[in-house]
Amino acid sequence: MSIIWQNLKFNNMNVSYNWLKRYLKTDLSAERIAEILTDIGLEVEGFEKIETIRGGLQGVVVGEVLTCEDHPDSDHLHVTTVDVGAEAPLQIVCGAPNCRAGLKVMCATVGSILYPNGGDEEFKIKRSKIRGVESLGMLCAEDELGIGSSHEGIMELPADAPTGITAKKYLHIEDDYLIEIGLTPNRIDAASHIGVARDLAAYLRSQGEDIRVELPDVSAFAPDNHDQPVKIRVENTEAAPRYVGVTVTGCKIGPSPEWMQNCLRVAGINPKNNLVDITNFVLFELGQPLHAFDLHKIEGQEVVVRTCAEGTPFVTLDGVERKLTDKDLMICSAERPMCIAGVFGGLDSGISDTTTDVFIESAYFNPVWVRKTAKRFGLNTDASFRFERGIDPNMQIYAAKRAALLMKELAGGTISSDITDICPEPAADFVFDLSLARVNMLIGKEIPEQTVRTIIAALDVKILSEKEGVLTVAVPPYRVDVQREADLIEDILRIYGYNNVEIPTQVRSTLSYAPKPDRNKLMNMAADFLTAGGFTEIMSNSLTRSAYYEGLESYKAENCVRILNPLSADLNVMRQTLIFNILEAVSLNANHRNGDLKLYEFGNCYYYDESKRTEENPLAAYSEQYRLAIAVTGTATPVTWNNKPVQASFFTLRAVTEKLLRRFGIDIYELKTETLQNDLFSEGLSMALNGKELLYIGVVNAKTRKKLDVKQDVFYLEMNFEALVKATKKVRVVAEELSKFPEVKRDLALLVDKTVTFAALRDVALAAERKLLKSVALFDVYEGEKLPEGKKSYALSFILEDKTRTLDDKTIERVMANLTKQFEQKCGAQIRG
């Protein structure tokens, strides 16, 4: 059986090889860089060659037209001889009106593959005859090469273009490589090319190379005038610890240069115009999200960072009107909100085709505020992804300067204000102690002290002081995940190389006492039993959505353990039951046409009971319980050539349950069974052991299934596994010799009231005959018109055995007569003939 899982994938960072080399002077190949990044913890999940021009213009060279004669059988074709740097000139038929002797051209030789207009359809150059004249190539126009749109004639090159040089080399066409990194949530510092370059440089420096990250020079930044200052007021410094702004005027909207467009395409961003592209470029370069406002749409020339009144309407960039809460930080003008801080821009304040003057925002927003707002509105942007996890709190001024200089260079803008920096409390380094001995202990290998010091320096970590093998270090704040000794040791190990830590030849362990009964052992026993029976184990998140519990009596919403800072509304409480996890798996699989399922899951369930809270022990209100869930749905027995499919039913699951309990030595007849009272089920049973509920089993009702879009019947069991473990404490496995004498089987058909249960009849039988009666089984139940009203018929089977002799008829008849008498007296039973 194939189970469909829903993957939880972290956001990835697309790294351009050519872009990365802007900041690192290295000759390493893209393949080698990808290997290094994986080794140091930035796992490469994708690697792809990116051709700037599709096909790479392979086989296209610079040629010189030596002769150009009219075609003998055409009034517009020419027969040319072209020098392409080979031993002999090529004869090529050309129809371009500008073809002439002495012209330098782009010549596609036989075997070249072109993609005209950059499309997907390939055009292969073949040896051919055109109106009876042999042609050994093609003289190309811009659109035929895929490097332009002109088709007025063949592409004319300068007279000094070297004959025979490849088109790729002459046009300075560089292929790029896309390196896709799978970012884990703690490595937001690597969500930029500078961040990846830092890690790569740290590794290369640890290997003895003198290499450093070279940031773009912004020393040329200076205001050209002070004509357009924008006043900035931050009313909520908790949500916006730092806010930086600068204005650039006189910009001319247009396409960004080809190099920038190529960089953005590799990063997965479609170029729009030079101003928007610059903000995206800086984002993927430095990891600092920027927002560019149209200066003329900022009423009052004032930016106010504040929250708005509950319910304030705001139309975002996607055209959707959203209702703000008083917990959503907004970037406002003097009159109205313009942007959801760190998440999404507004429809009427951003860059448009008529924008000339720009206000650049470069800020550090509180990660918790951004995460809550983004989840509240269901928005996930490149900016929010970075702000939620914590960007470099010291990058804002540099990023603003970088963007302003690019707008000046690429859009003809003028810097028209000083940089305004609102920062009440600058971010400090993370300072803590690092023990060199503990480095070796946690890594499990003796690493030379000088190597550790080299790696620390390569990671931009400063050593403030040292004493007796303990270093006091300062970690830069852009490494938000390195705030403790263990974090830094992990970084040291990353750069040192996981592969450099040898696997030991021996294992040292300490024998430990296992409690009796051992829950883990019993859990594995149950898992083995269920797996052998065709069940599949699933493992799901303990976090779930509170909406599942709304309106329930069996699992009240008020008893949910709530998360203070939930990632989303779908993961805002701890589960009280495993049923919704099981139903989610059933829904996912059934929607993928995999509806025949036998599933089980072990997991903790969590409860909150306010009545148990005390001042002395406020945690008494919280509890957890380890539980086992089992579910069957669809076909229980698959169709084969000689068997028809059998649909799963309540009794399919009950049979599994009884076998599982017997496997643990539990006498199922000792369980007290009652009708299940649970609003998640249409019908079911509750089974208790020693006065405490052990499990419940039933048919999930349609209302519950509808919540999770499950259309088929689901039969579900949930067990208190801790209670089962406790019950096995008294179970003893006893071996005894097989009896030498045969068993005897006798059957009785009894007419009893409908209120009489098999368990009651079994108890009466075992009490009446303790010595010879080995077991009692029920093999038929009948209720019908032929029976008196309020009656039913039970058919019981009795196994008798005497381990000292062979039973004779007289003894058997005596035992059966006594049983019949007891059934009549204590249960009001009648013997049916």
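Residues numbered from 1 in each chain as written. Predicted model: local features only at pLDDT ≥ 70, side-chain atom pairs only at ≥ 80, totals over all residues. Heavy atoms only, no water.

**Quick word on the overall build of the protein**
In terms of regular secondary structure, the protein is built from 20 helices and 43 strands. Relative to a compact globule of 833 residues, whose C-alpha radius of gyration would be 28 Å, the protein shows 39 Å and is clearly more extended. By principal-axis analysis of the C-alpha atoms, the protein measures approximately 125 × 80 × 60 Å. For the protein, buried positions account for 49% of its 833 residues. Once local pairs closer than 6 in sequence are excluded, the contacts in the protein between residues at least 24 apart make up 71%. (Helix = DSSP H or I, 4+ residues; strand = E, 2+ residues; numbered from the N terminus. Rg over C-alpha atoms; globule rule 2.2 N^0.38 Å. Buried < 20%, exposed > 50% of the residue type's maximum accessible area, 1.4 Å probe, protein only. Contact = heavy atoms within 4.5 Å.)

**A word on helix α11 (residues 436-443)**
Here α11 has its buried residues at Leu436, Val439, Asn440 and Ile443. The buried side chains of α11 occupy one side of the element, clustering within an arc of 90° when seen end-on. Residues of α11 that are exposed and angled more than 90 degrees away from the buried face: Ala437 and Met441. In this structure, the buried side of α11 is in contact with β25 (430-435), α12 (449-458), β27 (470-475) and α13 (485-496). Count one or two residues on from α11 and you reach Gly444, which has phi positive near 85°. (Arc of directions from axis to C-beta.)

**Describing the pattern of salt bridges**
Within this structure, the stated rule accounts for 47 salt bridges. Asp421 serves as the salt-bridge partner of Arg242, at 2.8 Å between the closest nitrogen and oxygen. One end of the pair, Arg242, is in strand β14 (residues 242-249); the other, Asp421, is in strand β24 (residues 420-422), with 179 residues separating them in the sequence. On the accessibility criterion, Asp421 (31% relative accessible area) is partly exposed. For Asp570, the salt bridge is made with Arg545, and the minimal N-O distance between the two is 3.1 Å. Here Asp570, found in the loop between β30 (561-562) and β31 (573-574), pairs with Arg545, found in the loop between β29 (543-544) and β30; they are 25 residues apart in sequence, far enough to count as distant. By relative accessible area, which is 30% here, Arg545 ends up partly exposed. Shared partners join several salt bridges into a network, and the residues in it are Arg187, Asp189, Asp199, Arg479, Asp481, Asp491 and Arg494. (Salt bridge = Lys/Arg side-chain N within 4 Å of Asp/Glu carboxyl O.)

**As for the packing of aromatic side chains**
Under the criterion given, the structure shown has 20 aromatic pairs. Both rings, one in Phe47 and one in Tyr177, keep their centres 5.6 Å apart while their planes meet at 25°; by these two values the pair is stacked. Residue Phe47 is found in strand β2 (residues 44-50), and its partner Tyr177 is found in strand β12 (residues 176-182); the two are separated by 130 residues along the sequence. Relative accessible area serves as the criterion here: at 36%, Phe47 is assigned to the partly exposed category. Ring centres of Tyr243 and Phe365 lie 6.5 Å apart, and the angle between their planes is 55°; this geometry places the pair in the tilted category. Residue Tyr243 is located in strand β14, and its partner Phe365 is located in the loop between β22 (358-364) and α8 (367-377); the two are separated by 122 residues in the primary sequence. Judged by its relative accessible area of 0%, Tyr243 falls in the buried class. Among the aromatic residues, those joined into a cluster by ring pairs are Tyr600, Phe602, Tyr626, Phe664 and Phe721. The ring of Phe284 has Arg386 sitting right over it, with the charged end atom 5.1 Å from the ring centre. For Arg519, the ring lying beneath its charged end belongs to Tyr626, and the centroid distance is 3.9 Å. (Phe/Tyr/Trp six-rings, centres within 6.5 Å; stacked < 30°, edge-to-face > 60°. Lys NZ or Arg CZ within 6 Å of the ring centre and 35° of its normal.)

**What to know about the sheet that holds strand β20 (residues 337-340)**
Spatially, β13-β16-β19-β20-β21 is the arrangement adopted by the five strands of the open sheet, whose pairing is mixed. The sheet is open, and its two borders are formed by β13 (231-234) and β21 (344-345), each paired with just one other strand. Summarising the sheet, β20 and β21 pair through two bridges and their orientation is antiparallel. Across the sheet, Ile340 pairs through a bridge with Phe344, a residue of β21. (Pairing = 2+ DSSP bridges.)

**Topic: the environment of Val744**
As for its placement among the helices and strands, Val744 is situated in strand β40 (residues 744-753). Excluding its chain neighbours within four sequence positions, the residues that come into contact with Val744 are Phe798, Ile799, Leu800, Leu807 and Ile812.

**A short note on the nonpolar core**
Counting residues in hydrophobic clusters, the biggest one holds 89 residues, and the most contacted among them are Leu37, Ile181, Leu488 and Ile492. Per-element tally for this core: the top contributor is helix α10 (residues 396-411), with nine residues. In contact with Ile492, not counting residues within four places along its chain, are Leu434, Val439, Ile443, Val452, Ile455, Ile456 and Leu459. (Core = buried A, V, L, I, M, F, W, Y, C linked by side-chain atoms within 4.5 Å.)

**Things to note about the packing of α11 against α13**
When two helices pack together, their arrangement is captured by the angle between the axes and the distance separating the axes. Relative orientation of the contacting elements α11 and α13 amounts to 65°, with a least axis distance of 10 Å. Where α11 crosses over α13, the handedness of that crossing is right-handed. Across the interface between the two elements, Arg438, Val439, Leu442 and Ile443 from α11 touch Glu485, Ile489, Ile492 and Leu493 from α13. Tallied by class, the residues present in the contact of α11 with α13 amount to six nonpolar, no polar and two charged. (Axes fitted to C-alpha atoms, helices over the stretch in contact; angles between N-to-C directions. Left-handed = near helix turned anticlockwise from the far one by under 90°. Nonpolar A, V, L, I, M, F, W, Y, C, P; charged D, E, K, R; others polar.)

**Here we look at unusual backbone geometry**
The backbone of Leu57 sits at a positive phi, close to 55°, despite the residue not being glycine. Relative to the elements of secondary structure, Leu57 occurs in the loop between β2 and β3 (60-70). Exposure remark for Leu57: the relative accessible area of 3% places this residue in the buried category. Phi at Gln301 is positive, roughly 50°, even though this residue is not glycine. Mapped onto the secondary structure, Gln301 falls in the loop between β15 (290-294) and β16 (302-307).

**Things to note about the environment of Gly250**
Checked against the element boundaries, Gly250 lands in the loop between β14 and α6 (258-267). Taking the C-alpha atoms as reference points, Gly250 and Val358, separated by 108 residues in sequence, lie 8.6 Å from one another. With residues up to four places along the chain from it excluded, the contact list for Gly250 reads Thr356, Asp357, Ala411, Gly412 and Gly413.

**Concerning the pairing of strand β19 (residues 329-332)**
Burial along β19 is two-sided: Leu329 and Ile331 and Met330 and Cys332, pointing in opposite directions, are all buried. Looking at chain direction, β16 and β19 are connected through four bridges and run antiparallel. In the sheet register, Val304 faces β19, and the bridge partner there is Cys332. As judged from the three bridges shared by β19 and β20, these two strands associate in the antiparallel manner. Bridging across to β20, Met330 finds its partner in Ile340. Taken together, β19 and the strand that follows it, β20, pair antiparallel across an intervening segment of four residues.

**A word on the environment of Asn678**
With respect to the secondary-structure elements, Asn678 resides in the loop between β36 (672-675) and β37 (681-689). Sequence-wise, Asn678 and Gly254 are 424 residues apart; in three dimensions their C-alpha atoms are separated by 66 Å. With residues near it in sequence (within four places) discarded, Asn678 still touches Ser554, Tyr555 and Tyr696. A polar side-chain atom of Asn678 sits 3.1 Å from a polar atom in the side chain of Ser554. (Polar contact = N/O pair within 3.5 Å; in protein donor to acceptor, adjacent residues only side chain to side chain.)

**Quick word on the sheet that holds β12**
Ordered in space as β1-β12-β2, the three strands form an open sheet in which the pairing is antiparallel. The open sheet terminates on both sides in strands that have one partner only, identified here as β1 (12-16) and β2. Each neighbouring strand pair of the sheet contributes to a mean axis angle of 20°, computed without reference to strand direction. Summarising the sheet, β2 and β12 pair through six bridges and their orientation is antiparallel. Among the inter-strand pairings, Val44 is bridged to a residue of β12, identified as Ile181. Strands β1 and β12 of the sheet are contacted by helix α5 (residues 193-206), whose axis makes an angle of about 80° with β1.

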